[in-house]
Amino acid sequence: ISRRNWPTLRVVPQSDGGNEKKTGWDANPPKDWGEEQTRRIALEIRRLRGRRSAQWLANRTSELGYAISRSVISDLEIARRRYITTAEVTILARALDTAPIALIYPFPYYGDEIEVLPSSEFEKIVAVQWFTGKQGIYLEDLMSMVDQANYHSNLLRLNRARQAWDLNDRKEQLILEIRWMRQRRRDGEDVGSTARLDDLEADIAYQEARIDELKKL
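Along every chain, residues carry numbers that run from 1 in the direction the sequence is written. Reporting in this predicted model follows two pLDDT cut-offs: at least 70 for local features of residues, and 80 or more for side-chain atom pairs to be given and counted; totals over whole chains, interfaces and linings ignore these cut-offs and use all residues. Note: side-chain values were computed over all heavy atoms of the structure, leaving out hydrogens and water.

J.: Could you clarify how one ought to interpret helix H3 (residues 54–63) in this entry?
T.: When we look at burial in H3, the residues that qualify are Ala-54, Leu-57, Ala-58, Arg-60 and Thr-61. The buried residues of H3 occupy an angular sector of 160 degrees when the element is viewed end-on, so they sit on one face. Throughout, a residue-residue contact means that at least one pair of heavy atoms, one from each residue, lies within 4.5 Å. The helix count covers DSSP runs of H or I at least four residues long, the strand count covers runs of E at least two residues long, and both are numbered beginning at the N terminus. In this fold, the buried residues of H3 make contact with helix H2 (33–49), helix H4 (70–77) and helix H5 (86–95). Downstream of H3 by a residue or two, Gly-65 has a phi angle that is positive, lying close to 105 degrees. Here's how the labels work: a residue is buried when its accessible area is under 20% of the maximum for its type, exposed when over 50%, partly exposed in between, all with a 1.4 Å probe on protein chains only. Note that the arc is defined by the directions from the helix axis to the C-beta atoms.

Written out as structure tokens, the structure is:
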């Protein structure tokens, strides 16, 4: 029989009964609260990276001014490296077009409890609110009344800065509305009385005064 007519044998891999070998963080789960933070961040980095390579992400961090090597990114994703720095979280968040807080605490935010602190489990949104300095009734379960008072006191300047930011947003919206009204008036359209413009300008002046006041406190 000619060799070219010999039947072809194919080796079919045997099934392991559905028990697939675990890899990465599944095979080597976090040993403590600190490593759990890294695991959560690493999985979100991998999800956001999608089909783009780890080298692409490494190149992107280099372009942004703080290079993180391909091997570091890969080691984070496969659980070989079990810590991450704040600098790395920040630059990776920018490289992946997200916010650092969204890397640390990715969705879902409701119905998904995590350890906000060691042995203190809450819905993830509680961790987000506390981490970003928000205030609310959730603090009652997270810290004592004395600690809450200190928390509010220590964040006073941050909250004032946020108020000034929000007021500035409001001011910019008013400025755009005035420009829109004036442009339409120049085009001969009826946009109402000048009283509306006067009210808007007065509101802008108030916002500016309040912003200056908050920045001085």
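J.: Is there a simple way to think about the environment of Ile-101 in this case?
T.: Within the fold, Ile-101 resides in helix H6 (residues 100–104). In the structure, Ile-101 is positioned 48 residues away from Ser-53 in sequence and 23 Å away in space, judged by C-alpha atoms. When residues no more than four places from it in sequence are discounted, the contact partners of Ile-101 are Val-128, Phe-131 and Thr-132.

J.: Looking at this structure, I do not really get unusual backbone geometry. What am I missing?
T.: A negative phi holds for most residues other than glycine; trans holds for most peptide bonds. In this structure, the amide linkage connecting Phe-107 to the following residue, Pro-108, adopts the cis form with an omega of 0 degrees. Mapped onto the elements of the fold, Pro-108 is located in the loop between H6 and strand E1 (113–117). Phi is positive for Asp-97, which is not a glycine, with a value near 60 degrees. Tracing the backbone shows Asp-97 in the loop between H5 and H6. Judged by its relative accessible area of 61%, Asp-97 falls in the exposed class. Phi at Ser-119 is positive, roughly 65 degrees, even though this residue is not glycine. Structurally, Ser-119 is set in the loop between E1 and strand E2 (120–123).

J.: Can you walk me through the pattern of salt bridges in this structure?
T.: Pairing between side chains of opposite charge can happen when their charged atoms approach one another. We count a salt bridge whenever a side-chain nitrogen from Lys or Arg sits within 4 Å of a carboxyl oxygen from Asp or Glu. One pass over the structure, following the stated rule, counts 16 salt bridges. Its salt-bridge partner being Arg-49, residue Glu-77 comes within 2.7 Å of it at the nearest N-O pair. Of this pair, Glu-77 sits in helix H4 while Arg-49 sits in helix H2; the two residues are 28 residues apart in sequence, bridging distant segments of the chain. Neither Glu-77 nor Arg-49 differs from the other in exposure class; each is buried. A salt bridge links Glu-213 to Arg-210; the nearest nitrogen and oxygen atoms lie 3.2 Å apart. Taken together, the residues Glu-213 and Arg-210, both in helix H11 (residues 194–216) and 3 residues apart, mark about one turn of the helix. What makes Glu-213 partly exposed here is its relative accessible area of 40%. Connected through salt bridges with shared partners, the residues Glu-36, Arg-39 and Arg-40 form a single ionic network.

J.: Can you help me understand the nonpolar core in this one?
T.: Side chains of a nonpolar character, in soluble globular proteins, are inclined to be buried together. Ile-41, Ile-45, Leu-57, Ile-84, Leu-92 and Leu-103 are the most contacted members of the largest nonpolar core, which totals 35 residues. At the level of elements, H2, H3, H4, H5, H6, E1, helix H7 (124–131) and helix H8 (139–142) are the ones that each hand at least two residues to this core. Ignoring anything within four residues of it in the chain, the contact list for Ile-45 reads Leu-57, Glu-77, Ile-84, Leu-92, Leu-96 and Leu-103. For this analysis, a nonpolar core means a set of buried residues of the types Ala, Val, Leu, Ile, Met, Phe, Trp, Tyr and Cys, connected via side-chain atoms within 4.5 Å. Counting residues in each nonpolar core, the second largest holds 7 residues, with Leu-174, Met-181, Val-191 and Leu-200 among its members.

J.: Sorry if this is basic, but what is going on with the packing of aromatic side chains here?
T.: The description of two aromatic rings rests on the distance between their centres and on the angle between their planes. Ring geometry is summarised as follows: Phe, Tyr and Trp rings, the Trp one being its six-membered ring, pair when their centres sit within 6.5 Å, and such pairs are stacked at plane angles under 30 degrees, edge-to-face over 60 and tilted between the two. In this structure the tally under the stated criterion is 1 aromatic pair. The interplanar angle of 75 degrees and the centroid separation of 5.7 Å between the aromatic rings of Tyr-105 and Phe-131 together place this pair among those described as edge-to-face. Remark: Phe-131 occurs in helix H7 and Tyr-105 occurs in the loop between H6 and E1; sequence separation between them is 26 residues. Positioned above the aromatic ring of Tyr-83 is the side chain of Arg-81, whose terminal nitrogen or guanidinium carbon lies 4.1 Å from the ring centre. Remark: a charge is flagged as sitting over a ring if the NZ atom of Lys or the CZ atom of Arg is within 6 Å of the ring centre and within 35 degrees of the ring normal.

J.: What is the right way to read the pairing of E2 from this model?
T.: Every other side chain in a regular strand lies on the same face of the sheet, so the side chains alternate between the two faces. In terms of strand pairing, E1 meets E2 through 4 bridges, oriented antiparallel. Bridging across to E2, Ile-114 finds its partner in Phe-122. In this structure, the hairpin formed by E1 and E2 is closed by a connection of 2 residues, where Ser-119 is found at a positive phi of approximately 65 degrees. Strand pairing requires that DSSP identify at least two bridges connecting the strands.

What is shown is where atoms sit, not what they do.
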